[in-house]
Amino acid sequence: MPRSQVLGYPVDVITFDDALQAIQSQWQGHNAKNMQVVTINAEMIMQAQADKNLDHVIREAELIVPDGAGVVMALKMDGVTCARIPGIELAQKALAFAASKNEPVALLGGRPEVMEKLLQVLPKKHPGLKIVFQHHGFIQAGTEEELVNQITQSQAKLLLVAMGVPRQEFFIKEWRDKFASDLVVMGVGGSFDVWTGFVQRAPESYQKLNLEWLYRLKSEPWRFSRMASTLPKFALQVIFRRIFGKA
């Protein structure tokens, strides 16, 4: 699949169908190593510039989809047409795909009450979904390896990790060598909260205008300081590199 770059970070220029085909190929055992899916946005890129560990995680991922509107706009400025692929939507499509193929799924992360409700919500939304492992995100010290062994023994083909960036990426990096080669593992941030109704996603009108970030800011004002310190820097770097022709 074609791969481009935004501020030096790789981004796969794909569609939802392309992503699902890549997932199916992984499940069919066509690769020697499991697949990590990263949903990249402007905030993650800015974090990665300041954190070598996150930088390495992104660059080593097998599938990097353009989650954020800023990433899509940066690609467009370089003449690359690419549709935004929100991670929350890709994860839902992956769950539906797993249900249709009878492939087992593992869920990790979120608060205990969120996980409890998630186990009720997802099978209703995706009839036939086979959840073979589940655990909330409050993991006791020293028990991570045991949980990872349980995930591997469950023979799950899709693992969704909802711990937020960058914790979920670091968890995946630390343990992915223990996972089976046909596993697809994806960090999904706060998706579990949205799917269970504990948090409301931006209305469709905001989504169509690529303004989900604005809705989150209105709903969660505490995000302002973080966004104010990252988004302008991202925009300025993109413009600077465009003007001076640096990759």
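Structure: above.
This is a predicted model, so every value here is computed, not measured. (Residues numbered from 1 in each chain as written. Predicted model: local features only at pLDDT ≥ 70, side-chain atom pairs only at ≥ 80, totals over all residues. Heavy atoms only, no water.)

J.: I'd like a rundown of empty space enclosed by the protein, residues and numbers included.
T.: Inspection of the entire model under this criterion finds 1 cavity of 30 Å³ or more. By volume, the largest cavity is sized at about 40 Å³. Along the walls of the largest cavity sit Ile 151, Thr 152, Gln 155, Ala 156, Phe 179, Ala 180 and Leu 183, which together make up its complete lining. Residues belonging to the lining of the largest cavity are distributed by class as follows: 5 nonpolar, 2 polar and no charged. (1 Å grid on protein atoms, 1.4 Å probe; cavity = no way out; pocket = protein on both sides within 12 Å on 5 of 7 lines; lining within 4 Å. Points joined across faces, edges and corners; volume = space filled by probe spheres on them. Nonpolar A, V, L, I, M, F, W, Y, C, P; charged D, E, K, R; others polar.)

J.: Could you give me a rundown of helix α4 (residues 69-77), with the residues and numbers involved?
T.: Among the residues of α4, Ala 69, Val 71, Val 72, Ala 74 and Leu 75 are the ones counted as buried. Residue Gly 79 follows α4 closely and has a positive phi angle near 85°. (Buried < 20%, exposed > 50% of the residue type's maximum accessible area, 1.4 Å probe, protein only. Helix = DSSP H or I, 4+ residues; strand = E, 2+ residues; numbered from the N terminus.)

J.: For helix α2 (residues 42-50), give the residues involved together with the corresponding values.
T.: Along α2, the positions that sit buried rather than exposed are Ala 42, Glu 43, Met 44, Ile 45, Met 46 and Ala 48. Sitting at the amino-terminal end of α2 is Asn 41, which places a side-chain oxygen 3.2 Å from the backbone nitrogen of Glu 43. (Polar contact = N/O pair within 3.5 Å; in protein donor to acceptor, adjacent residues only side chain to side chain.)

J.: Tell me what's going on with the packing of aromatic side chains, and back it up with residues and numbers.
T.: Applying the stated criterion across every chain, the model contains 2 aromatic pairs. Considering the side-chain rings of Trp 27 and Phe 97, the 5.6 Å spacing of their centres and the 20° angle between planes classify their relative orientation as stacked. Remark: Phe 97 occurs in helix α5 (residues 87-101) and Trp 27 occurs in helix α1 (residues 16-27); sequence separation between them is 70 residues. Plain terms: the ring middles of Phe 192 and Trp 195 are 5.9 Å apart, the flat faces sit at 35° to each other, and that makes the pair tilted. Of this pair, Phe 192 and Trp 195 both sit in helix α9 (residues 191-195), 3 residues apart, which is roughly one turn of the helix. The ring of Tyr 9 has Arg 59 sitting right over it, with the charged end atom 4.3 Å from the ring centre. (Phe/Tyr/Trp six-rings, centres within 6.5 Å; stacked < 30°, edge-to-face > 60°. Lys NZ or Arg CZ within 6 Å of the ring centre and 35° of its normal.)

J.: I'd like a rundown of the packing of helix α3 (residues 52-60) against helix α8 (residues 167-175), residues and numbers included.
T.: Packed helices, taken two at a time, are described by the angle between their axes plus the distance between the axes. Direction vectors running N to C along α3 and α8 enclose 70°, while the axes themselves pass 10 Å from each other. One way to sum up the angle between α3 and α8 is to call them roughly perpendicular. Relative to α8, α3 is oriented so that their crossing is left-handed. Judged by residue contacts, Asn 53, Leu 54, His 56 and Val 57 of α3 engage Glu 169, Phe 170 and Lys 173 from α8. A class-by-class count of the residues in the contact of α3 with α8 yields 3 nonpolar, 2 polar and 2 charged. (Axes fitted to C-alpha atoms, helices over the stretch in contact; angles between N-to-C directions. Parallel < 35°, antiparallel > 145°, perpendicular 65-115°, else oblique. Left-handed = near helix turned anticlockwise from the far one by under 90°. Contact = heavy atoms within 4.5 Å.)

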